[in-house]
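A closer look at the structure
One-letter residues, chain by chain:
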Amino acid sequence: MGNSVLIFYFSGTGNTKYVAEKIQESFIKKNSSCTLVAIEQAKAQLHLIEAADKVGIGFPVHAFNAPKIVLDFADALPQTVNKKTFIFKSAGDTLGNAGSTLELKNRLKKNGYIVFHESLYAMPTNMVSQYPNSIIKELCLFAQKKAEQDVFEINAEQTRLQNNSWPLNICSWLFSRFETFGACMLGRFHYRVSDACNHCKTCIKICPTKNICEKNNKIKFGWKCILCLRCIYSCPKRAIYIWLFRWMCLKDMYKINDILQNKGSPQNELSAKKIKFYSERFKDYLQK
Ligand SMILES: Cc1cc2nc3c(=O)[nH]c(=O)nc-3n(C[C@H](O)[C@H](O)[C@H](O)COP(=O)(O)O)c2cc1C
Ligand code: SF4
Ligand code: SF4
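Reference entry: report on the structure contained in this document. It should be emphasised that the depicted structure is a prediction, and the values quoted were computed from it without experimental measurement.

This next bit is on the site of ligand 1. Lining the immediate surroundings of ligand 1 are 23 residues, of which Ser11, Gly12, Asn15, Thr16 and Pro60 lie closest. Mapped onto the shell around ligand 1, the elements with two or more residues apiece are α1 (15-29) and β4 (83-91). Residues of the shell around ligand 1, tallied by class, amount to 10 nonpolar, 12 polar and 1 charged.

Attention now moves to the site of ligand 2. Surveying the vicinity of ligand 2 reveals 14 residues, the closest of which are Cys197, Cys200, Thr202, Cys203 and Cys235. Considering only residue class, the shell around ligand 2 consists of 9 nonpolar, 3 polar and 2 charged.

Attention now moves to unusual backbone geometry. Of note in the backbone geometry, glutamate 157 takes a positive phi value of approximately 55° without being a glycine. Turning to its location among the elements, glutamate 157 is positioned in the loop between α4 (133-155) and α5 (166-189). Even without being glycine, histidine 199 reaches a positive phi, approximately 60°. Residue position: histidine 199 is located in the loop between β6 (191-193) and α6 (202-206).

Attention now moves to the sheet that holds β4. The strand order across the open sheet built from 5 strands is β2-β1-β3-β4-β5, with neighbouring strands paired in parallel fashion. With one partner strand each, in any of the chains shown, β2 (33-38) and β5 (113-122) form the two edges of the open sheet. Along the sheet, successive strands turn relative to each other by an average axial angle of 20°, direction set aside. In terms of strand pairing, strand β1 (residues 4-9) meets strand β3 (residues 54-60) through 5 bridges, oriented parallel. Looking at the pairing, phenylalanine 8 lines up with isoleucine 57 of β3. Strands β4 and β5 of the sheet are contacted by helix α3 (residues 102-110), whose axis makes an angle of about 155° with β5. In the packing of α4 onto the sheet, contacts are made with β3, β4 and β5, and the angle to β5 comes to roughly 160°.

Quick notes on the rules
Residues numbered from 1 in each chain as written. Chains lettered and ligands numbered in written order. Predicted model: local features only at pLDDT ≥ 70, side-chain atom pairs only at ≥ 80, totals over all residues. Near = placed C-beta within 6 Å. Helix = DSSP H or I, 4+ residues; strand = E, 2+ residues; numbered from the N terminus. Nonpolar A, V, L, I, M, F, W, Y, C, P; charged D, E, K, R; others polar. Pairing = 2+ DSSP bridges. Axes fitted to C-alpha atoms, helices over the stretch in contact; angles between N-to-C directions. Contact = placed C-beta atoms within 7 Å.

In short, the description is geometric, and any link to function would need to be established separately.
Right, here's the structure in full:
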């Protein structure tokens, strides 16, 4: 039997979960045991860390950093000694994201988790600009191959660390603080629910920060939003929107599994010119 690996991940809209599952499959292929735990449900599973040979942590890059829920999770981890730890992150682009683990690595180190390997997966962005379905499928297929390579390196305990220059790291830190504050403000004051809502309570159940509740027959949002977009894309009635910031969400919504299974929107209406633009943008990444 190989390693015993425990992976904690946060995924707002499914990309990081997809990568985590591919990494899990690759470990299992190499005869290691690998358990996946969503960070929101991690409290009851923290005791598994002691027996794990390696711990993995996965997250979506938010404003060049890990989302607050992941940083808070790192602070709350039980103290350990030199636990071999790897990080994987999914982002809508590779540009500027190398340093997005810096803060997380420092917080993990304080609790005895030593990061020796980190990897950035370019995945479809879930906000602002819609990627063509063909590119989404290509990125996902590539993630599968990349996961196999990463697992090979992690098993061999090969060191692979990423960083940005210090001025970029300062910019990332500032940008991420602004985004964390902005997420709370948007969640509290700009998230709205239209009359299409049928009070199914899906949003309340799935919000990772328990930021949504129902009061006087109305869906309400609190101060704990991390802008993960999960509630917006999971609402069966497409009733949740961000007032004045509708442009932040994708018109066709974002459901990675539907796209991979050719369900839902057959092909978002992107011109050949745009498809070519995205192909060029990820050419280098996909060739590596
Ligand atoms: C609030 C927010 C901020 C984001 N910031 C970045 C960013 O700084 N760089 C980037 O490449 N992608 C960024 N993205 C895109 C996500 O990182 C990307 O789509 C990721 O794969 C989503 O993963 P998930 O589906 O697991 O949540 C951002 C997305 C959101 C919602
Ligand atoms: S998921 Fe949508 S329809 Fe269901 S309660 Fe929330 S806003 Fe209403
Ligand atoms: S309110 Fe919506 S976007 Fe904000 S944290 Fe909850 S699920 Fe995510």
